[in-house]
Amino acid sequence: MSRPYGLLRAGFPFFKTLGMRRHTNFPIDIALGSEGRVYILCRNQDSSMIRKYTVDDEDLGTIGGGFTWAVAIIADSEENLYISDEAKHCISSFDKDGESLGSWGEYGDGDGKLNGPAGIAFDAEENIYVSDSLNHRVQKFTKDGVFISKWGSFGDGEGEFNMPWGITVDELGDVYVADWRNDRVQKFTADGEFIFAFGKSGSEDGEFNRPTGVAVDTHGDIYVADWGNDRVQLFNSEPRYVQKFMGDATLSKAAISYMMTNAGPNRLRDMADLEPQKYLRRPKSVVVNGDGLMFIPDTGSYRVQVYQKQAIPLTEQEFGPPKRSPTLHQE
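Residues numbered from 1 in each chain as written. Predicted model: local features only at pLDDT ≥ 70, side-chain atom pairs only at ≥ 80, totals over all residues. Heavy atoms only, no water.

Novice: What exactly am I supposed to notice about the pairing of strand E9 (residues 90-94) here?
Specialist: Side chains on a regular strand alternate between the two faces of the sheet. With five of its five residues buried, E9 lies for the most part within the structure. Burial of the side chains of E9 extends over both faces: Cys90, Ser92 and Phe94 are buried on one face and Ile91 and Ser93 on the other. Pairing of strand E8 (residues 81-85) with E9 involves five bridges; the strand directions are antiparallel. Bridge pairing in E9 links Asp85 to Cys90. Once E8 ends, the chain turns through four residues before running back antiparallel as E9, passing His89 with a positive phi of about 55 degrees. One ladder, built from four bridges, connects E9 with strand E10 (residues 100-104); its direction is antiparallel. When the sheet's bridge partners are listed, Ser92 is paired in E10 with Ser103. (Buried < 20%, exposed > 50% of the residue type's maximum accessible area, 1.4 Å probe, protein only. Helix = DSSP H or I, 4+ residues; strand = E, 2+ residues; numbered from the N terminus. Pairing = 2+ DSSP bridges.)

Novice: Teacher, can you tell me more about the sheet that holds strand E20 (residues 222-226) here?
Specialist: Strand pairing in a sheet relies on backbone hydrogen bonds. The paired strands run either parallel or antiparallel. Overall, antiparallel pairing links the four strands, which are arranged E19-E20-E21-E22 in an open sheet. Each of the sheet's edge strands pairs with one partner strand only, and the pair in question is strand E19 (211-216) and strand E22 (241-245). With strand direction ignored, the average angle separating the axes of adjacent strands in the sheet is 20 degrees. Sheet analysis places strand E21 (residues 231-235) next to E22, joined by four bridges and oriented antiparallel. Its bridge partner lying in E22, Leu234 is registered against Gln243. (Axes fitted to C-alpha atoms, helices over the stretch in contact; angles between N-to-C directions.)

Novice: For this particular structure, what's the right way to read the packing of aromatic side chains?
Specialist: In the structure shown here, the tally under the stated rule is 21 aromatic pairs. Note on Phe14 and Tyr307: the rings are 5.4 Å apart at their centroids and 85 degrees apart in plane angle, and the pair reads as edge-to-face. Here the residue Phe14 occupies a position in strand E2 (residues 14-18), and Tyr307 occupies one in strand E25 (residues 303-308), the gap between them amounting to 293 residues. Feature note: the residues Phe12, Phe14, Tyr223, Phe245 and Tyr307 constitute an aromatic cluster, connected by ring pairs. If you follow Arg210 out to its NZ or CZ, it ends over the ring of Trp180, 5.2 Å from the centre. Taking NZ or CZ as reference, Arg282 lies 4.7 Å from the ring centre of Trp227, over its face. (Phe/Tyr/Trp six-rings, centres within 6.5 Å; stacked < 30°, edge-to-face > 60°. Lys NZ or Arg CZ within 6 Å of the ring centre and 35° of its normal.)

Novice: I'm lost on the sheet that holds strand E15 (residues 164-169) in this one. Help?
Specialist: With antiparallel pairing, the four strands of this open sheet are ordered in space as E15-E16-E17-E18. Each edge of the open sheet carries a strand with a single partner, namely E15 and strand E18 (194-198). For this sheet, the mean angle separating the axes of adjacent strands, direction not counted, is 20 degrees. Two strands pair when backbone bridges link them, and strand E17 (residues 184-188) and E18 are joined in this way by four bridges, in the antiparallel orientation. Looking across to E18, one finds that Val185 is bridged to Phe198.

Written as structure tokens, this is what we have:
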């Protein structure tokens, strides 16, 4: 499917909330399965687990285990789950019911060795790209752990990294890396050839404070979890800043059910200033699907916020040429 020539951006409203405290404590990443299944990777202080939901906020229980400081989760075409563990320096895998399929990886800085692996992403052939964070590089493996290639080194130049974190691969095969300590995102070809970088340290539009996650949708839009600024930012493929998401959460089904059986919390909520309750707090990643849904693990608020993209693809005839001084305001 080719990308549109342009987009009529009609809106990007809040859709729903998944999870709640005690069910989805410290959600850090999400993998999407078929039939609306959502796998929420939750990372507590000394352990991690996977909470299984549907996109309709039905809690399907807990699966997986055996990892310590999990960072990222992805699902392959068979809905097997792969999890990076920065404490154990490995990638573990499970089937969708939580049965272990094994793990691979070991500590070190040689080819195929890992030091604090963070983000992971599949390409179209289901090879896995790994943000090898403390080795300041990206490595590529088969999903069985066979080393294929690597690129990157410590620094702040083109193709260099300072603790890369989130990573994703778009439908064209290009690789995007959230370069955590350099407060930027870098884009590469599948073989590691530098294409562009964007972002700098700060809190203004288009600036970052420790970006932790990156996703790209089929329109070519780029989403960045701006962890230190408590937000997600959206850029087009150029990459030009488009908008930001600060949070607009409601109570999930699980949270409403809990509140309906607890009179005390209901009174406290009635007395509270509800405005801050909707905002994002330290989002660690961002995930998008083919239906235009954006999932944000709202790490500090123990939930997932979901938004629905509303955009209409435009042809060249429907999309005027660039303007020298663009504004939506009409005199």
